[in-house]
Amino acid sequence: MESYALLLGATLNAGTVLAIAALGLLINEKVGIVNLGAEGMMLCAAMAGFATVVVTGSDLMGFAAGMAVGTLLAAIFGVLVIWLNTNQYATGLALTLFGTGFSAFVGTGFVQAKIPERASFAIPGLADIPWFGPALFRHHPLVYLTVLLALALIWFMYRTRHGLVLRSVGESPESAHALGYPVRLIRLLAVVLGGALCGLAGAYLSVIYTPLWVEGMVAGKGWIALALTTFATWRPARVLLGAYLFGGVTMLQFHLQGIGVDVPPQFLSMLPYVATILVLALISRKPQWIRVNMPTSLGKPFYPGA
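Residues numbered from 1 in each chain as written. Predicted model: local features only at pLDDT ≥ 70, side-chain atom pairs only at ≥ 80, totals over all residues. Heavy atoms only, no water.

S.K.: How do you make sense of the environment of I20 when you look at a structure like this?
M.R.: Structurally, I20 can be placed in helix α1 (residues 2–30). When its relative accessible area of 1% is taken as the criterion, I20 is described as buried. Placed 87 residues apart in sequence, I20 and G107 show a C-alpha to C-alpha distance of 23 Å. (Helix = DSSP H or I, 4+ residues; strand = E, 2+ residues; numbered from the N terminus. Buried < 20%, exposed > 50% of the residue type's maximum accessible area, 1.4 Å probe, protein only.)

What follows is the structure in structure tokens.
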């Protein structure tokens, strides 16, 4: 039973990286912008966050650095696709290629670096409860804050006027523009916020989840986070559920190895990506599941004078 508690705990930890990034990408797509550069932003943020913690010894500074890098890269992407109307897909892919190469180049000197030792994270009084303690109450505070972030995003999008405006920009930018809302500015703010969350996910990955830096350490998590938005049909609660599902699939490979299941490690390593493909294929069988919540202007440029 203890091994299953550890598996659940590892699932929550792994799912947090995906959830933070996917919630950021969800905000992007709710205003009609597809950002395929999540992988590159997360890599650069992971490098910046890890390097900052090595130099300063502060996790908070590392998170701030990761968010700053994600914000900067997202702002550049936003200006290109929103004001200059470059192709969103090509620009996002270029951002991923840039982030992959740039992070590898800048991070060369930090490959062998180590961050300072930190006290274990545990909620006093709850962390020692049999089974539940290791599973639920020994995580970094950001794990719990991610759940609150998803709840706050649900409230903002579906219970506030500003959330309604944000969704209207993704559903019908021409109508929002006709009502006097600054569509391009709203889109840019959403893209920047989404980039900040991708940056936070990257920093969490290198500072807390696997406290080290190696080239390409994001290992496709940016792409899985992007797929999660479609898997969740653009609903924050489903994004959270999907993130933990894929996090569990990722951790399952280590659990099976730990209990002695004789399965080739290459097969176990590809499980998260196979699961992603299967889920997307199943969802695509019923297009109406996707169309119900999909922003109608997703991936399309907006021309104010048209």
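S.K.: How do you make sense of the nonpolar core when you look at a structure like this?
M.R.: Nonpolar side chains tend to gather and get buried jointly when the protein is soluble and globular. In terms of nonpolar packing, the biggest core is built from 80 residues, with F63 and Y204 touching the most fellow members. Looking at this core element by element, the count peaks at 15 residues for helix α9 (residues 183–209). The contact partners of F63, leaving out residues within four places of it in the chain, are H140, L142, L200, A203, Y204, V207 and I208. (Core = buried A, V, L, I, M, F, W, Y, C linked by side-chain atoms within 4.5 Å. Contact = heavy atoms within 4.5 Å.)

S.K.: Got a minute to help me understand the environment of A65 in this structure?
M.R.: By the secondary structure assignment, A65 is in helix α3 (residues 59–83). Placed 71 residues apart in sequence, A65 and L136 show a C-alpha to C-alpha distance of 28 Å. What A65 contacts, discounting residues up to four positions off in sequence, is A48 and T52.

S.K.: What should I look at first to understand helix α2 (residues 38–56) in this one?
M.R.: In an α-helix there are 3.6 residues to a turn, and that puts residues three or four apart on one side. Spanning 19 residues, α2 covers 26 Å between terminal C-alpha atoms, matching the ideal 27 Å at 1.5 Å per step. Where burial is concerned, most of α2 is hidden: 16 out of the 19 residues are buried. Phi turns positive, to about 75°, at G57, one or two residues after α2. (Expected span 1.5 Å × (residues − 1).)

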